[in-house]
Amino acid sequence: MSRKSLIVLVGVLAVLSLAFMLVNNSERGKARESKGLFGDIVEKVARVKIEQGANFLELAVKNDHWVLPSRSDYPADQGKVNSYIFKIVGLQSSQVVSDNAAKHKSLGVSDEDVKAGKAKVTLYDNTGSELGGVYLGGMR
């Protein structure tokens, strides 16, 4: 290999390295921009419904305590329920896959998929209005 070929090869390598670093840094910047899915609704949550197939579990606030209404208002573990709600409300997304409800079936996050065994968590306020929800689909 001649000296001239070596210099050209090193120059091409330097340009490619610079281009790679620029593209890689711009993608990292985009990945860091995450957006909360629910905003600040933690204080508004008064009922949680978790569905999977034909089964469901409902938790509700009664007299400032979380209870299981279907079990004669049996008290739930406050710490675990609050931790679960904070985890759900704290979910963030850095990429929107689809806002189109028609495509949710192909992504495995629809009511039909809940009937088939996947899970859905729905959050309600004290008037019974839905604050938001999350379909728990499979890993992609």
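All of the points below concern the structure found in this document. Here the structure is a predicted model, which is why all the values come from computation and not from measurement.

1. A word on the layout of surface pockets
So, point 1. For the second largest pocket, the calculated volume is near 210 Å³.
So, point 2. Along the walls of the second largest pocket sit 15 residues, with Glu 43, Val 45, Ala 46, Val 61 and Trp 66 positioned nearest its centre.
So, point 3. Put simply, the parts of the chain that give the lining of the second largest pocket at least two residues each are strand S4 (65–68) and helix H2 (78–89).
So, point 4. Considering each element in turn, the lining of the second largest pocket owes the most residues, four residues, to H2.

2. A look at the packing of aromatic side chains
So, point 1. Evaluation of the coordinates by the stated rule reveals zero aromatic pairs.
So, point 2. The cationic tip of Arg 47 hangs over the ring face of Tyr 124; the distance from NZ or CZ to the ring centre is 3.9 Å.
So, point 3. Positioned over the ring face of Phe 56 is Lys 49, at 5.1 Å from the centre of the ring.

3. Quick notes on the side chain of Lys 120
So, point 1. The residue Lys 120 is located in strand S7 (residues 119–124) in this model.
So, point 2. With sequence-adjacent residues up to four places away left out, Lys 120 is seen in contact with Lys 49, Ile 50, Glu 51, Asp 111, Val 114, Val 134 and Tyr 135.

Definitions and limits used
Residue indices begin from 1 for each chain and proceed along its sequence in written order. Given that this is a predicted model, residues contribute local features only at a pLDDT of at least 70 and side-chain atom pairs are listed and counted only at 80 or more, while totals for whole chains, interfaces and linings are drawn from all residues. Side-chain metrics in this entry use all non-hydrogen atoms of the structure; hydrogen atoms and water are not considered. Both site types are read off a 1 Å grid over the protein atoms alone. A 1.4 Å probe that fits but cannot get out defines a cavity, while an open set with protein on both sides within 12 Å along at least five of seven lines defines a pocket; lining residues have an atom within 4 Å of a point. Grid points are joined across faces, edges and corners, and a volume is the space filled by probe spheres set on the points. In this description a helix means any DSSP run of H or I spanning at least four residues, a strand means any run of E spanning at least two, and both kinds are numbered starting from the N terminus. Only Phe, Tyr and Trp rings are paired, with Trp represented by its six-membered ring, and only when their centres lie within 6.5 Å; those with planes under 30 degrees apart are stacked, over 60 edge-to-face, the remainder tilted. Two conditions define a charge located above a ring, namely a distance within 6 Å from the ring centre to NZ of Lys or CZ of Arg, and an angle within 35 degrees of the ring normal. By the convention used here, residues are in contact when the closest approach between their heavy atoms is within 4.5 Å.

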